[in-house]
Amino acid sequence: MIFEDKLFFIFFVLIGLVVLYQLFKMLQIFSHGSSIRSNPNNNEVKKFIQFIKSLWFVPNHPIVWRSLKKTYHTVSNSGSIDFQLREELFEALKAKGVAGLYYPKKSNTSVSKS
């Protein structure tokens, strides 16, 4: 009986730790995403890619997925972000199971004069 009580306690402690981990990672995702969306630059995108790759999993919540997609679309549509970084972010988010992303397009920076 005592063994079952300890096992029950350990089980709920582990569940609690997973929930806390998810909440902490959600806050980090929102923080990084907000920073990039307000001022997209190559350095911040590199940090964000490393952060995404370091995640064991992306918390399964619609708000998190929406935030990741909004951040991706901001980066993807930004001409100031290197194409290679946009591709790398696309691949990192796809690997984590984020759906609804389109492959980044190369921006045409050359203007033809007629």
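The preceding data block contains the structure.
For clarity, every value in this text was computed on a predicted model and none was experimentally measured.

A. Geometry of the pattern of salt bridges. Applying the stated criterion across every chain yields a total of two salt bridges. Of the charged contacts in the structure, one is a salt bridge between K47 and E44, with a shortest N-O distance of 3.8 Å. Placement of the pair is K47 and E44 together in helix α2 (residues 42-54), with a separation of three residues, close to one helical turn. We classify K47 as partly exposed; its relative accessible area is 43%. The residue K53 makes a salt bridge to E88 at a minimum N-O spacing of 3.2 Å. Highlighted residues: K53 in helix α2 and E88 in helix α4 (residues 83-95), separated in sequence by 35 residues. On the basis of relative accessibility, which here comes to 45%, the residue K53 falls in the partly exposed class.

B. Layout of the packing of aromatic side chains. Inspection of the entire model under this criterion finds eight aromatic pairs. Relative to F12, the ring of F11 has its centre 5.4 Å away and its plane inclined at 80°; by these criteria the two rings are edge-to-face. Look at F12 and you get partly exposed, because its relative accessible area is 45%. For the ring pair F90 and Y103, a centre distance of 5.2 Å and an interplane angle of 80° mean the geometry is edge-to-face. Of the two residues, F90 sits in helix α4 while Y103 sits in the segment after α4, which places them 13 residues apart along the sequence. Aromatic ring contacts, followed pair by pair, group Y72, F90, Y102 and Y103 into a single cluster.

What counts and what doesn't
Residues numbered from 1 in each chain as written. Predicted model: local features only at pLDDT ≥ 70, side-chain atom pairs only at ≥ 80, totals over all residues. Heavy atoms only, no water. Salt bridge = Lys/Arg side-chain N within 4 Å of Asp/Glu carboxyl O. Helix = DSSP H or I, 4+ residues; strand = E, 2+ residues; numbered from the N terminus. Buried < 20%, exposed > 50% of the residue type's maximum accessible area, 1.4 Å probe, protein only. Phe/Tyr/Trp six-rings, centres within 6.5 Å; stacked < 30°, edge-to-face > 60°.

Geometry only, nothing functional implied.
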